[in-house]
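Survey of secondary and tertiary structure
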Amino acid sequence: MTTTQNLPDQLLVTEVESPPLTLADLTWRRFRRHKMAIFGAFVLVFLFLYSFGGAFFVTEKYANKTNTKERLQAPSAAHPFGTDTVGRDILARTIYGGQISIVIGLTAAFVEVMVGILIGAIAGYFGGKIDSLLMRFTEAMLNMPTLLILIIMSKFFSDKIANVNILGRTISGSVIVIIFIIGLTSWPYLARIVRAEFLSLKEREFILAARATGTPNWEIIFKHILPNTIAPVVVNATLGVANAISSEAYVSFLGMGVRAPTATWGNMLENAYRYIETAYWLWLFPGLLIVLITLSINFLGDGLRDALDPRSRTV
Amino acid sequence: MTDNHTFLEVKDLKTRFHTPEGTVFAVNGVSFSLKEGETLAVVGESGCGKSVTMMSLLRLISIPPGKIECGEVIYRDKDLLKLTESEMEHIRGKEIAMIFQDPMTSLNPVLTVGRQLTETLRTHTPMNPDQCRERAITLLDWVGIPDAKNRLNDHPHQFSGGMRQRVMIAMALACTPSLLIADEPTTALDVTIQAQIIELVKRLKQDVGMAMIWITHDLGVVAGMADRVIVMYAGFIVEEALVDDLYDNPLHPYTMALLQALPRADRRREKNLKSIQGSPPNLLAEPVGCPFAPRCEFVKERCVRENPILTEITGGHKTACWVDVKTGGLR
């Protein structure tokens, strides 16, 4: 009798048993151990703030204002990053160019993911002739040199779309063209991953069980199988953003991407190569930003890959 | 044979799988019927075509490599094998539901139990999301899951095997189907849980008043719950009888051998349990003669040449055998 009185009041179930970790908890626990990924995430946040927050300090008009009297000035107090060949402030242009570069990266990756998922899911789920047809097409796309297609397509289509006004800003129609060109050339790899996931997942018993309850095909594809493939898709989408940004930089550098006056980090490099030795600031700052963003996205993607991999059990 | 209580009739169903190794003769002309509210047990060893028969019935066989070569599945005046895929979706889950062997893999790991439960309701009934949720809680409660309201938001990995099978049963019964096909629903569970699940299914069957097809290789389970039994071997039905007839008076050598291999609590251990010699036939070859002949102790010359067809011996008791097992001579 006396011993029981000394015992504490009955413990609540919630005190004894910690609630189970959700997938998000587990992922976060693994992710934060990845030092480079955390570093990448911080750099990315900084670059976002730089590009989108910077717009509160300098106007786009200023970024696009040419002043031939002040052309090719070295970095100074008035122009911290110097001025370009027509006297525009490079700091202001990296801010507005960053916005376009980031938006291109995100939207092109979005297009890539949509097309990749659709083609991969349909091929993997239905199999047979549909699969053969779609996969031969995917392989054909995969075998064509992407950069060549990018250059040819942007050469043909960059001028075909008129400028658009979004949120009071005029953006070159070539931005939209570039987004679609990049998005529509980069999906094959993702489509193959999604297809492979679908091929194995559709044979699982819970899919049979879902079919046995009369679930229509499209619901099985998008509500039952797709959520199971989310890990590789997220990792790929992340890396897709980095790829899209560097692809844009590549075509814009060759002068076939986004048209002036809209700045991107890529097209700021366009004329810089003639001044590689004489005006280092022309290529250094936009180049540095491109390197920073692609590198940090890749670190982030690596971290996500490890964190979302169910086989890595370290918590 | 057909009376007004019969609502499902399977006639001469043949399912084959065309694989790179050759054609697998999985189901070779199966015919049976089912009355309203009846429990039919289908027994037989692994790979004898029990599951494939039921999956063919619901058209869940993956085509290719599977193919339903011929046959009819008449369900309430409709031939299920002739319906379109979208008509079939209205049958599955709503009219005929199915539960599977392994509850550990039959629930989608990334969706909450609540979502998987309400999905059937959303597909087949005009209920709105709130009503679906209410109904899902009722269902979980009904299958004996405590704290149903909170458990709706849990993922399958937070449930034990027995609990998951309860969830599967709740999903299957969500739209009160008129037929439940249970494909070895207790095989993956341990014995105490098996007993619980069997009791649960019996109770729910009473509540809903549905018919049931129970696939199993556990003859002990069959005795306790079935009205009628079908014994399958190598894709054929070899014997069909009311459950008591089958146990008291098996007419097929295979059924006899199965019963002799079963330990019985009421029998003193006089001798060791008898096992069936040999192994089931390779289904890759087109069957000639009786498929059980190579393992049969009553085998006659005719058995090797000609495959016996299922014939009625006494009222409702059918067997596919040339031999009268009582006398040992040909019938």
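Just so we're clear, the structure is a prediction, and the values are computed from it rather than from any experiment. (Residues numbered from 1 in each chain as written. Chains lettered and ligands numbered in written order. Predicted model: local features only at pLDDT ≥ 70, side-chain atom pairs only at ≥ 80, totals over all residues.)

Looking at helix H12 (residues 230-253) of chain A
- Under the 1.5 Å per step criterion, the end-to-end length of H12(A) is 34 Å for 24 residues, consistent within 8% with the ideal 34 Å.
- Gly255(A) sits one or two positions beyond H12(A) and adopts a positive phi of about 80°. (Helix = DSSP H or I, 4+ residues; strand = E, 2+ residues; numbered from the N terminus. Expected span 1.5 Å × (residues − 1).)

Looking at the interface of chain B and chain A
- The interface of chain B with chain A comprises 23 residues on the first partner and 15 residues on the second.
- Among the secondary structure elements, those contributing two or more residues to the side of chain B that touches chain A are helix H2 (85-91), strand S6 (96-99) and helix H3 (113-124) of chain B.
- The element that contributes the greatest number of residues to the side of chain B that touches chain A is H3(B), accounting for four residues.
- Residue composition of the side of chain B that touches chain A, by class: nine nonpolar, nine polar and five charged. (Contact = placed C-beta atoms within 7 Å. Nonpolar A, V, L, I, M, F, W, Y, C, P; charged D, E, K, R; others polar.)

Focus: the environment of Phe31(A)
- With respect to the element layout, Phe31(A) can be found in helix H3 (residues 23-31).
- A C-alpha to C-alpha distance of 16 Å links Phe31(A) and Asn236(A), two positions 205 residues apart in sequence.

Comments concerning unusual backbone geometry
Residues and elements named next belong to chain B.
- Phi at Asp 12 takes a positive value of approximately 45°, unusual for a residue other than glycine.
- When you line up the elements, Asp 12 lands in strand S1 (residues 6-19).
- Classification of Asp 12 by C-beta neighbours within 10 Å gives exposed; the count is 12.
- Positive phi outside glycine occurs at Asp 77, with the angle close to 70°. (Buried ≥ 20, exposed ≤ 12 C-beta atoms within 10 Å, placed from the backbone.)

Quick look at the nonpolar core
- Core analysis: the biggest nonpolar cluster contains 159 residues, and Ala170(B) and Ile213(B) have the highest contact counts within it.
- Examining the composition of this core, we find that 16 residues originate from one element, helix H6 (residues 90-126) of chain A, more than from any other.
- Among all residues touching Ile213(B), those that are not within four sequence positions of it are Leu34(B), Leu40(B), Val42(B), Met54(B), Leu179(B) and Ile181(B). (Core = buried A, V, L, I, M, F, W, Y, C linked by C-beta atoms within 7 Å.)

Describing the confidence of the model for chain B
- When pLDDT is averaged along chain B, the result is 83; 96% of the residues meet or exceed 70.
- Interface predicted TM-score (ipTM) for the complex: 0.80; the corresponding pTM is 0.80. (pLDDT = per-residue confidence, 0-100.)

With respect to helix H4 (residues 129-142) of chain B
Residues and elements named next belong to chain B.
- Look at H4: 20 Å from first C-alpha to last across 14 residues, which is about the 20 Å you get at 1.5 Å a residue.
- Buried within H4 are the following residues: Cys 132, Ala 136, Leu 139 and Leu 140. The arc that holds every buried residue of H4, seen down its axis, measures 95°, which confines them to one face. Residues of H4 that are exposed and angled more than 90 degrees away from the buried face: Asp 130 and Thr 138.
- Elements in contact with the buried residues of H4: H3, helix H5 (148-151) and helix H6 (161-173).
- Where H4 terminates, the next one or two residues include Gly 144, which has phi positive at roughly 80°. (Arc of directions from axis to C-beta.)

A short note on the packing of helix H8 (residues 146-157) of chain A against H12(A)
Residues and elements named next belong to chain A.
- Here H8 crosses H12 at 55°, and the two axes come no closer than 10 Å. Judged by the angle between their axes, H8 and H12 are oblique. The element H8 and its partner H12 pack so that their crossing is right-handed. Across from Leu 147, Leu 150, Ile 151 and Ser 154 in H8, the residues of H12 making contact are Ser 247, Tyr 250 and Val 251. (Axes fitted to C-alpha atoms, helices over the stretch in contact; angles between N-to-C directions. Parallel < 35°, antiparallel > 145°, perpendicular 65-115°, else oblique. Left-handed = near helix turned anticlockwise from the far one by under 90°.)

With respect to the pairing of strand S4 (residues 66-75) of chain B
Residues and elements named next belong to chain B.
- The sheet contact formed by S1 and S4 spans eight bridges and is antiparallel. The residue bridging Lys 11 from the neighbouring strand is Glu 72, located in S4.
- Pairing geometry for S4 and strand S5 (residues 78-79), over two bridges, is antiparallel. Residue pairing in the sheet places Tyr 75 in a bridge with Lys 78 of S5.
- Between S4 and S5, which pair antiparallel and follow one another directly, the connecting turn spans two residues, one of which, Arg 76, has a positive phi of 45°. (Pairing = 2+ DSSP bridges.)

Looking at the environment of Glu21(B)
- Looking at the secondary structure, you find Glu21(B) in the loop between S1 and strand S2 (22-35).
- Once the C-alpha coordinates of Glu21(B) and Leu284(B) are considered, the two residues, 263 residues apart in sequence, prove to be 7.9 Å apart.

Comments concerning the packing of helix H7 (residues 128-143) of chain A against helix H9 (residues 173-201) of chain A
All names here are of chain A.
- Between H7 and H9, whose axes approach to 9 Å, the crossing angle comes to 145°. Note on packing geometry: the crossing formed by H7 with H9 is left-handed. Here H7 contributes Met 135, Thr 138, Met 141 and Leu 142 to the contact with H9, which in turn contributes Pro 188, Tyr 189, Ala 191, Arg 192 and Arg 195.
- Classifying every residue of the contact of H7 with H9 by side-chain character gives six nonpolar, one polar and two charged.

Focus on the sheet that holds strand S11 (residues 311-314) of chain B
All names here are of chain B.
- Pairing in this open sheet of eight strands is mixed, and the strands run S6-S7-S8-S3-S9-S10-S12-S11 from one edge to the other. Unpaired on one side and paired on the other, S6 and S11 mark the two borders of the sheet. Each neighbouring strand pair of the sheet contributes to a mean axis angle of 20°, computed without reference to strand direction.
- As judged from the four bridges shared by strand S3 (residues 39-43) and strand S9 (residues 228-233), these two strands associate in the parallel manner. Among the inter-strand pairings, Ala 41 is bridged to a residue of S9, identified as Val 229.
- Of the strands in this sheet, S3, strand S7 (179-183), strand S8 (211-216) and S9 touch helix H1 (residues 50-57), which is tilted by about 145° from S8.

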